Amino acid sequence: HVLELARLSLSVPQECPEGPDAAFPFRAKQDHAGAVCILKLCMGCGAEIASGSSEVFQALRRDHASQLDLLSRQAPNALRPQSVLVLTQSLALVAQHSAQLAHELLSDCMA
């Protein structure tokens, strides 16, 4: 359930420029807190995610592709570039355990 919550949190703005939430940015150091949470899960459980149900990795790929698309369009709701890189690193930590997953991730990044 932690991974699902972290994935859902990717839609939470990293910072709010005004209002009561402005004092509480949603980040861990300089990166989006949800992206960092996904990174930590992939660091600790990368092999398990790679060898488990493909649904988890495919869901992460969809999130990653969505963020790459938002970033390329400079959408206001896009994660910051360094947080997208954290998300990319997360997927790479899983993909290193499977040639097929690595191929899929590289295809996503090259598209």
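Predicted model, so just to flag it, every value in this text is computed and none were measured.

Core analysis: the biggest nonpolar cluster contains 20 residues, and L10, I38, C42, F57, L60, V94 and L101 have the highest contact counts within it. Counting residues per element, the ones that place at least two in this core are α1 (2–9), α2 (33–51), α3 (54–72), α4 (81–95) and α5 (99–110). Leave out the neighbours within four places in its chain, and C42 touches I49, L60, S90, L93 and V94.

A few words now on unusual backbone geometry. Positive phi is not limited to glycine here, since Q74 has a value of about 55°. Following the sequence through the fold, Q74 ends up in the loop between α3 and α4. On the accessibility criterion, Q74 (72% relative accessible area) is exposed.

Moving on, we come to the confidence of the model for the protein. In this model, the protein carries a mean pLDDT of 87, and residues with pLDDT of at least 70 account for 86%. Ranking the helices and strands of the protein by mean pLDDT puts α4 first, with 95, and strand β1 (residues 27–28) last, with 65.

Once that is clear, we can look at α1. Owing to its 3.6 residues per turn, the α-helix aligns residues three or four sequence positions apart on the same side. All of the buried residues along α1 are L3, A6 and S9. End-on, the buried residues of α1 take up no more than an arc of 120°, which puts them together on one face. In α1, the exposed residues that point more than 90 degrees away from the buried face are L5 and L8.

A separate point is the pattern of salt bridges. Using the criterion set out here, one finds four salt bridges in the structure. Close ionic contact of D108 with R61 constitutes a salt bridge, the shortest N to O distance being 2.6 Å. With D108 in helix α5 and R61 in helix α3, the pair connects residues that are 47 residues apart, well separated along the chain. For R73, the salt bridge identified is with D69, shortest N-O distance 3.1 Å. Bridged by salt links that share partners, the residues R61, E104 and D108 form one connected network.

When you line up the elements, E104 lands in helix α5. Exposure remark for E104: the relative accessible area of 15% places this residue in the buried category. Placed 43 residues apart in sequence, E104 and R61 show a C-alpha to C-alpha distance of 8.6 Å. The contact partners of E104, leaving out residues within four places of it in the chain, are F57, Q58 and R61. A polar contact of 3.2 Å, which involves the side chain of E104, links it to the side chain of R61.

What follows is about the packing of α3 against α4. Where α3 contacts α4, the axes come no closer than 10 Å and their chain directions differ by 155°. Considering their axes alone, α3 and α4 lie roughly antiparallel with respect to each other. Once α3 is placed against α4, the crossing between them reads as left-handed. Along the contact surface, α3 presents F57, L60, R61, D63, H64, Q67, L68 and L71, while α4 presents P81, V84, L87, T88, L91, V94 and A95.

Definitions and limits used
Residues numbered from 1 in each chain as written. Predicted model: local features only at pLDDT ≥ 70, side-chain atom pairs only at ≥ 80, totals over all residues. Heavy atoms only, no water. Core = buried A, V, L, I, M, F, W, Y, C linked by side-chain atoms within 4.5 Å. Buried < 20%, exposed > 50% of the residue type's maximum accessible area, 1.4 Å probe, protein only. Helix = DSSP H or I, 4+ residues; strand = E, 2+ residues; numbered from the N terminus. Contact = heavy atoms within 4.5 Å. pLDDT = per-residue confidence, 0-100. Arc of directions from axis to C-beta. Salt bridge = Lys/Arg side-chain N within 4 Å of Asp/Glu carboxyl O. Polar contact = N/O pair within 3.5 Å; in protein donor to acceptor, adjacent residues only side chain to side chain. Axes fitted to C-alpha atoms, helices over the stretch in contact; angles between N-to-C directions. Parallel < 35°, antiparallel > 145°, perpendicular 65-115°, else oblique. Left-handed = near helix turned anticlockwise from the far one by under 90°.

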